[in-house]
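# Analysis of the macromolecular model
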Amino acid sequence: AALAAKKQLDAEHNIRPDPRTYTTLISTVGRRASNASGKNDPTLAFHFLQEMNDRGIRPNGMTYSALIDVCARCSRTDLALKGLRAMWRQKKLEKRAFQQLQNKNAATAAASSTSTSSNSQQIIDNNVVLLNEVGAWTAAINAMGKAGRIETAIRLFTSMYRTGVMPNTITCGCLADFLLKHGKIQEVLQLLAFMKKHRIEPSEVMYTSLMTSAGQLLNSQNKHHNYGYFDFEITETGDSRSAIQMYTALMKTLMERKTRSNNKQQSRWDEGRDSRAELIMKVFLVFQEMKTAGAVPDIASYNVLLRACSVGGDIDRVMDVLQRIKADGLVPSDATWKEALKVAAMAQKSDSAEQLWAYAMTYRGRDKVLIPWKPSVDSFAALILAYLREASTYQNDREKQLVLYKKVITMYKDTLTTSEKRKVDKADLQRSPRALGLILQALVAFENLERLQKHRMILRKLALDIIDLRVWKNQEPRHDRTGRCIEIAKGWRADQKM
């Protein structure tokens, strides 16, 4: 019926078909149990694809997705891969043609002494793009998974990423579903790590499916040994075949949701409050489900809980989490204290950050034995950030700002003199752009508020010493607060020379 309608429009009304027309035609193949509609035979779909090419109509990703779906319905995974290769060949030919055009334009520009862009490959990749190309790859992965060809599905996933096509939530959910059905837990964890790295949020269906599978894995105590098939490097510590690792990986993936607002405007923070509350609830629900299923959380799981608290600045919940850690007999890591300090920073409470720092320095485990902590420079940066963020809330209170900035500068001076007060390594600090950038922000802000010229010159000297450190030598120009402070400090140097 669709084919007849197309012929009638073409013959009687002179309405020529477009890519959408052919995509619709292809999608109808194999839907009815008759030879006329292509029962178990996707040949008709390939005929439509060839007709498109003959008539100069460019197939897009949706076209190839429909074609591959037809092959999957007809249980012809070999032809599904053929359809994917056809798309790849089309892109290769189009890139070659565009490259020739670029070379011709470059030659013409050279003859007329006109400058051209040097990044020609990026220009080619940006211009030779198929609409919904990710859909075609997803359809192919789905076809392989339904046929039980899991290794092929994984290879397709890695290939699409390596060829510049980023998998989306549907792609990852599709692959995860098949991996779970075939008990490939290590590959599921690798996939979750990939999603976390690229900030791909799991769908509600995938979220529920992973929760259920982790519970089943824990109950069955599956000890089957699986080897990974992903050929790009995504590393996760610990036993990746454990249910605890799956729960923790799921929590980490949830934490990569783009719900953090731009804190430059308080209104944006308020608009994202509901989504952040939902995120925190989901992470804690996963954690509670893990405990209900009988799993004993490890310190990595608790660290994710603390990180969830930092999203909303929930400082009241931090001590509860730390008490749970002690009750379970776990030893907090530096990452634990860093995440706790980040919560205080997000809450804009430097006093809470100092209390957490003191608590960490004197922390005793469940058996009352002192557990020493050597703070990392990242934890130190989180402490400094708490002071800076609180100072930003006192825009009209100069004295309070001075007190907070002075504490940051005092901590920095203590570290320079190898004081044991903070137990932060001086060499590590001088190699950390993050921590140094925050200290530089405090110095610039203090200098702007200081009224005595003598004190201002001392602050400027400290700032110039920071920007002269080797850590900045090979860095690209920055356009954030730290970058602006660096430019201000450079201006001070120029003033000195004058």
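A brief report on the enclosed structure follows. Predicted model only: the values in this text are computed from it and were never measured.

Criteria and thresholds
- Residues numbered from 1 in each chain as written.
- Predicted model: local features only at pLDDT ≥ 70, side-chain atom pairs only at ≥ 80, totals over all residues.
- Heavy atoms only, no water.
- Helix = DSSP H or I, 4+ residues; strand = E, 2+ residues; numbered from the N terminus.
- Buried < 20%, exposed > 50% of the residue type's maximum accessible area, 1.4 Å probe, protein only.
- Contact = heavy atoms within 4.5 Å.
- Areas by Shrake-Rupley, 256 points an atom, 1.4 Å probe, with all protein chains shown as cover.
- Axes fitted to C-alpha atoms, helices over the stretch in contact; angles between N-to-C directions.
- Parallel < 35°, antiparallel > 145°, perpendicular 65-115°, else oblique.
- Nonpolar A, V, L, I, M, F, W, Y, C, P; charged D, E, K, R; others polar.
- Expected span 1.5 Å × (residues − 1).
- Core = buried A, V, L, I, M, F, W, Y, C linked by side-chain atoms within 4.5 Å.

A few words now on the overall build of the protein chain. If you tally the helices and strands in the protein chain, you get 24 helices and zero strands. Per-residue burial for the protein chain yields a buried fraction of 47% across its 498 residues. Within the protein chain, residue pairs in contact and separated by at least 24 positions form 71% of the contacts whose partners lie at least 6 positions apart. In the form shown here, the protein chain has an accessible surface area of approximately 26,100 Å², with 50% of it arising from carbon and sulfur atoms.

Attention now moves to the packing of helix 7 (residues 133–146) against helix 9 (residues 169–181). Contact geometry of helix 7 with helix 9 gives a least axis separation of 9 Å together with a crossing angle of 10°. By the criterion of interaxial angle, the relationship of helix 7 to helix 9 is roughly parallel. Residues Val134, Thr138, Ile141, Asn142, Gly145 and Lys146 of helix 7 touch helix 9, and the partners they reach there are Ile170, Thr171, Cys174, Leu175 and Phe178. Partitioned by chemical class, the residues of the contact of helix 7 with helix 9 number six nonpolar, four polar and one charged.

A few words now on helix 17 (residues 334–346). With 13 residues, helix 17 should cover 18 Å at 1.5 Å per step; its first-to-last C-alpha distance of 18 Å lies within 8% of that length. Three or more residues of helix 17 are buried, namely Thr336, Trp337, Lys338, Glu339, Ala340, Leu341, Val343, Ala344 and Ala345. Residues of helix 17 that are buried sit in contact with helix 15 (299–312), helix 16 (315–327), helix 18 (350–361) and helix 19 (377–391).

Moving on: the nonpolar core. By size, the foremost hydrophobic cluster in this structure holds 145 residues, and its most contacted members are Leu191, Val283 and Val318. Ranked by residues supplied to this core, first place goes to helix 22 (residues 433–449) with eleven residues. Setting aside its immediate chain neighbours within four residues, Val318 contacts Leu306, Cys309, Ala340, Val343 and Leu356.

Before going further, it helps to spend a moment on helix 4 (residues 61–73). Helix length check: helix 4 (13 residues) gives 18 Å between terminal C-alpha atoms against 18 Å at 1.5 Å per residue, within 8%. Where helix 4 terminates, the next one or two residues include Ser75, which has phi positive at roughly 60°.

Before going further, it helps to examine the side chain of Thr63. Note that Thr63 resides in helix 4. Sequence-distant contacts of Thr63, defined by excluding residues within four places in its chain, comprise Pro19, Thr23, Ile26, Leu49 and Met52.

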